[in-house]
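# Descriptive analysis of the structure
Each chain, written out:
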Amino acid sequence: PNLTIGPDIVKSIRDKSDIPFDVHLMIDPVQPYIESFVSAGADIISIHPEANDDTNACLKKIKSHNVKVGLAINPDTDWEVVKPYMDTLDIILVMSVHPGFGGQKFISSALDKLKSIRKEIDRSGRNIELEIDGGIDFENIQSVIDAGANVIVAGTTAFKGGQSEYTNNIKKLRGQ
């Protein structure tokens, strides 16, 4: 129910970086916030079909602003929920923890979900990114890549050990 990083924060840091801003809206309702995040500088906006909004209408609204559109699915949501939206999506985000709090343990059933979605993406012939978020660490990162993920979110692991370790953690996650 609360926004951790709202559109005002996105806007305040947008000019500090040229990297894509990938905004994951784990909120309900989502539709009233789409334009605010677009205006703030989001490059990618992912929403949840579990929200009590018209998913198709929200995805179309995002797309109408020339922003990449994503669908994020919770651990308990069947992967096939993405199928009706494949022609619209630029990214599919598989949550491998229950959304809301950092530091949770990776839910290994996400690997099967990644494999199934990767097959569906390949079958579609579309260039859809497959993202994973939650519990990613040095031990499981290769397994999520092997399962088909090509966009990896690793918050807690990236920040482990404090600021002096950020670069080393990211290099290690990248296999460098």
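Here is what the cut-offs are and how they apply
Residues numbered from 1 in each chain as written. Predicted model: local features only at pLDDT ≥ 70, side-chain atom pairs only at ≥ 80, totals over all residues. Heavy atoms only, no water. 1 Å grid on protein atoms, 1.4 Å probe; cavity = no way out; pocket = protein on both sides within 12 Å on 5 of 7 lines; lining within 4 Å. Points joined across faces, edges and corners; volume = space filled by probe spheres on them. Helix = DSSP H or I, 4+ residues; strand = E, 2+ residues; numbered from the N terminus. Nonpolar A, V, L, I, M, F, W, Y, C, P; charged D, E, K, R; others polar. Buried < 20%, exposed > 50% of the residue type's maximum accessible area, 1.4 Å probe, protein only. Pairing = 2+ DSSP bridges. Right-handed = clockwise from strand over helix to strand, strands pointing away. Axes fitted to C-alpha atoms, helices over the stretch in contact; angles between N-to-C directions. Contact = heavy atoms within 4.5 Å. Phe/Tyr/Trp six-rings, centres within 6.5 Å; stacked < 30°, edge-to-face > 60°. Lys NZ or Arg CZ within 6 Å of the ring centre and 35° of its normal. Polar contact = N/O pair within 3.5 Å; in protein donor to acceptor, adjacent residues only side chain to side chain.

## What about empty space enclosed by the protein?
Per the counting criterion, the structure on display carries one cavity of 30 Å³ or more. Of the voids in this model, the largest cavity is the one considered here, and its volume is about 30 Å³. Together, Pro 75, Val 94, Met 95, Ser 96, Ile 107, Ser 109, Ala 110 and Lys 113 line the largest cavity. Counting only elements with at least two residues in the lining of the largest cavity, the list comes to strand E4 (91–95) and helix H4 (110–124). In terms of residue class, the lining of the largest cavity is made up of five nonpolar, two polar and one charged.

## As for the pairing of E4
Burial of E4 is extensive: five of the five residues sit out of reach of the surface. Of the two faces of E4, the one carrying Ile 91, Leu 93 and Met 95 and the one carrying Ile 92 and Val 94 are both buried. Sheet analysis places strand E3 (residues 68–73) next to E4, joined by four bridges and oriented parallel. Bridge assignment links Ile 73 to a residue of E4, and that residue is Val 94. Summarising the sheet, E4 and strand E5 (residues 129–133) pair through five bridges and their orientation is parallel. For Ile 91, the partnering residue across the bridge sits in E5 and is Glu 129. One crossover worth recording links E4 to the parallel E5 by way of H4, and it is right-handed.

## Digging into the sheet that holds strand E6 (residues 151–153)
On the basis of which strands lie adjacent, the open sheet formed by six strands has the order E1-E2-E3-E4-E5-E6 and parallel pairing. With partners counted over all chains shown, the strands left at the sheet margins are strand E1 (22–25) and E6, one partner each. Going across the sheet, the axis of each strand differs from the next one's by a mean of 20°, ignoring polarity. Seen against the sheet, helix H3 (residues 55–64) touches strand E2 (44–47) and E3 and runs at an angle of roughly 150° to E3.

## With respect to the packing of aromatic side chains
Tallied over the entire structure, the rule returns one aromatic pair. Relative to Tyr 166, the ring of Phe 159 lies with its centre 5.0 Å away and its plane at 80°, an arrangement referred to as edge-to-face. Among the residues examined, Tyr 166 registers a relative accessible area of 30% and is labelled partly exposed. Note that Arg 14 overlies the ring of Phe 21, its terminal NZ or CZ placed 3.7 Å from the centroid. The ring of Phe 138 has Lys 172 sitting right over it, with the charged end atom 4.2 Å from the ring centre.

## Overview of the environment of Gly 6
Checked against the element boundaries, Gly 6 lands in the segment before helix H1 (7–14). Residues Gly 6 and Leu 25, spaced 19 residues apart in sequence, show a C-alpha to C-alpha distance of 9.6 Å.

## As for the side chain of Asp 90
Position of Asp 90 relative to the elements: it lies in the loop between E3 and E4. Engagement of the side chain of Asp 90 in a polar contact is seen with the side chain of Lys 63, the distance being 3.0 Å. Beyond its immediate sequence surroundings of up to four residues, Asp 90 is in contact with Lys 63, Val 67, Lys 68, Val 69, Arg 126, Asn 127, Ile 128 and Glu 129.

## Brief notes about the pairing of E2
Residues of E2 alternate between two faces, with Ile 44 and Ser 46 on one and Ile 45 and Ile 47 on the opposite face, all of them buried. Bridging between E1 and E2 involves four bridges; their strand directions are parallel. Residue pairing across strands places Leu 25 opposite Ile 47, the latter belonging to E2. In this view, the connection linking E1 to its parallel neighbour E2 by way of helix H2 (residues 31–40) has right-handed handedness. Where E2 and E3 come together, four bridges link them in parallel fashion. Residue Ile 45 lies in a different strand from E3, and its bridge partner there is Val 69.

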